[in-house]
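# Per-entry structural report
The primary structure of each chain is shown beneath.
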Amino acid sequence: MSNKMWGGRFSERPDEIMEDINVSIDVDRHLYAQDIAASKAHAAMLAAQGIITASDAKNIGKGLDTILSEITKGAFEFKRALEDIHMNVESRLGELIGPAAGRLHTARSRNDQVATDFRLYVRDTIDDIDAALAAYQHALASRALDHAGTVMPGFTHLQTAQPVTFGHHLLAYVEMAGRDRGRFADARKRLNESPLGAAALAGTSFPIDRHATAEALGFERPMANSLDAVSDRDFVLETLSAASICAVHLSRFAEEIVIWTSPLVGLIKLSDKFTTGSSIMPQKRNPDAAELVRAKTGRVIGALNALLIVMKGLPLAYQKDMQEDKQGAMEAFAALSLAIRAMTGMALDLVPDEARMKAAAGEGYATATDLADWLVRTLKMPFREAHHVTGRIVALASKQGVALHELPLSAMQQVEPKITADVLGVLSVESSVKSRTSFGGTAPKNVASQAKGWLKRLEKQRK
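Residues numbered from 1 in each chain as written. Predicted model: local features only at pLDDT ≥ 70, side-chain atom pairs only at ≥ 80, totals over all residues. Heavy atoms only, no water.

Taking UniProt as the reference, the chain is identified by name as Argininosuccinate lyase belonging to Bradyrhizobium sp.. According to UniProt, the comment filed for the chain under the heading Catalytic activity is "2-(N(omega)-L-arginino)succinate = fumarate + L-arginine". UniProt, in its Subcellular location section for the chain, records the words "Cytoplasm". (UniProt positions renumbered as here; feature names shortened; annotations may be inferred.)

Okay, structure coming up:
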C-alpha cells in the first residue's frame with residue numbers, strides 16, 4: 001500500500017526498520033509552535049498573492065489554531081507513521097477542514113519548513129537563555145556588592161597568589177556571562193533570516209512574497225540563496241558554540257564551589273537547598289548541584305562536536321543526515337538552561353566564611369608583591385631587584401615560621417637596611433586589597449562601583 005504522504009511514486013510501504021530510522025516526530029514535535037506559526041504566515045501570504053483563496057486561507061488559519069490548542073492541552077495524537085511534525089500537523093488539518101488543507105503546502109517543501117521552524121526555535125531558545133543569564137548576572141552582582149570588601153585569597157595555579165575580595169571574584173563571572181550574552185546575541189542576529197519560500201532547494205515558480213513571510217515571523221529578511229537556506233545549520237553550530245563557552249564558564253565556577261565547600265578548604269557553605277547527603281555516611285553534605293553543572297558541560301560540548309561531524313561532509317543541498325541536528329541541540333540547550341538556573345540559585349544561597357577567607361588570604365605570603373611594590377615606590381629600587389629582595393625576606397619569614405607582616409622589622413633590615421617601619425602598613429591583606437585601585441582592580445571601592453554599575457545596567461535591560 002502506498003504511503004499517502006509520498007503520493008503515487010511508491011507502491012509499497014517502507015520496511016519497519018526504515019520507519020524506525022526515518023521517523024523524527026519524537027524530537028521535532030517540540031517544534032509544533034514554530035511549525036504552526038510558519039504555516040499560518042505562509043497561508044496568509046499565499047492568499048495575499050492570489051495563489052490560494054482568502055476562504056481557504058481563513059479555514060487553514062482556524063484549523064491551525066485548533067491544532068495548536070489541542071497540542072497545548074495534550075489532546076493531540078502524534079503519529080509515528082506520519083514521520084515528523086509537518087506531516088502530523090498537515091494530516092490533522094485535513095481531518096479538520098478537508099481538501100483545503102492540501103493547499104497549504106503550495107510553494108514550500110519540508111526542507112524550507114524545517115529550516116524555518118528550527119531557526120525560530122533556536123531564536124526563542126536564545127531569548128530564554130539570555131533572560132536566564134541576566135538573572136544569573138544580577139544574582140552575582142548583588143552578592144558582589146554585599147561582599148565588596150570581604151577579603152579572600154586570589155589564586156594562580158590553585159596556589160595562594162594575592163589577596164582579592166570575594167566581590168571581585170564574583171564580578172569576574174558577571175563579566176564572563178556578559179560576553180556569553182554577547183555571543184548569543186551575535187548568533188541570534190545572524191540566524192534571523194527566513195528560509196521559508198526556498199522550497200526544496202531551488203525556490204518556486206509561484207509568485208510568492210518571501211519578504212512578507214519573513215516580516216510576519218519576525219525575521220530581518222529572507223535568506224538570499226535558496227540552496228543555502230535549506231542546507232546549512234551554521235546557526236545551530238554557532239549557538240551551540242556560544243552555549244559551550246557559556247557552559248565552560250559555569251563549570252569553572254561550579255568547580256570552585258566544589259573546592260571551596262570542602263571541609264579541607266571551608267571558604268563557603270551551601271544550605272540544604274543545593275546539597276545532598278549520603279546513603280551511608282550521615283555526616284556528608286555533597287555539592288551535587290555544582291557537580292552536575294560541571295557534568296552537563298560535557299553534554300553541551302558533545303552536541304556541538306556531534307553536529308560538526310554530521311555537517312562536515314555534506315554536499316549541497318538538503319541531506320537526511322541533517323535530521324540529526326535537533327535532538328542533541330535541544331538537549332544541550334535544556335541542559336545549559338538548567339545549569340544557569342542552578343548556578344543562579346547557588347550564587348544566592350552560598351554563605352562565605354569571612355574569617356576563614358581572611359585568614360586564608362594571608363597564607364602563603366600573599367602580600368609579597370605589596371612588599372616588592374613598596375620597595376620600588378619608596379626606595380626607588382628597580383623591580384627586578386625588589387623582587388629578589390622580597391624573595392629573600394619571604395624565605396626568612398618561612399624559615400622562622402611566621403607570616404610576612406609578623407616578621408620583625410629588624411629581620412627585614414638584615415636583608416635590606418633601608419626598609420623603614422612604613423613598610424608594615426602595606427603588608428596586611430586589608431591594605432593590599434585597598435591599594436589595588438587601578439581600573440578593574442580589587443580595591444573595595446572599585447568592586448562596589450562595578451557591582452552597582454552592573455546592577456543598574458541589568459535593571460535598565462529589564463525595562
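Our next topic: the environment of serine 39. Residue position: serine 39 is located in helix H3 (residues 32–48). Once the C-alpha coordinates of serine 39 and valine 89 are considered, the two residues, 50 residues apart in sequence, prove to be 9.6 Å apart. When near neighbours in sequence (up to four residues on either side) are disregarded, serine 39 contacts Leu64, Leu104, Arg108 and Gln113. (Helix = DSSP H or I, 4+ residues; strand = E, 2+ residues; numbered from the N terminus. Contact = heavy atoms within 4.5 Å.)

Where charged atoms from two side chains of opposite charge come close, those side chains can pair. Overall, the coordinates contain 25 salt bridges when judged by the stated rule. A salt bridge links aspartate 26 to arginine 80, with the shortest nitrogen-to-oxygen separation between them at 2.5 Å. Here aspartate 26, found in helix H2 (residues 25–28), pairs with arginine 80, found in the loop between helix H4 (54–73) and helix H5 (85–97); they are 54 residues apart in sequence, far enough to count as distant. Its relative accessible area of 40% is what places arginine 80 among the partly exposed residues. Arginine 143 is the salt-bridge partner of aspartate 146, the closest N and O atoms lying 3.9 Å from each other. Here aspartate 146 pairs with arginine 143, and both are found in helix H6 (residues 110–146), just 3 residues apart, close to one helical turn. For aspartate 146, a relative accessible area of 54% puts it in the exposed group. Since its relative accessible area comes to 11%, arginine 143 is described here as buried. Put simply, Glu70, Lys79, Arg92 and Glu95 are held in one network by salt bridges that share partners. (Salt bridge = Lys/Arg side-chain N within 4 Å of Asp/Glu carboxyl O. Buried < 20%, exposed > 50% of the residue type's maximum accessible area, 1.4 Å probe, protein only.)

This paragraph deals with H5. Each full turn of the α-helix corresponds to 3.6 residues, which orients residues three or four apart in the same direction. For H5, built from 13 residues, the straight-helix expectation of 18 Å at 1.5 Å per residue is met to within 8% by its first-to-last C-alpha distance of 18 Å. Taken together, the buried positions of H5 are occupied by Ile85, His86, Met87, Asn88, Val89, Glu90, Ser91 and Leu93. Residues of H5 that are buried make contact with H2, H3, H4 and H6. If you check the start of H5, you find a side-chain oxygen 3.2 Å away from the backbone N of histidine 86, and it comes from aspartate 84. Glycine 98 occupies a position one or two residues after H5 and carries a positive phi of about 85°. (Expected span 1.5 Å × (residues − 1). Polar contact = N/O pair within 3.5 Å; in protein donor to acceptor, adjacent residues only side chain to side chain.)

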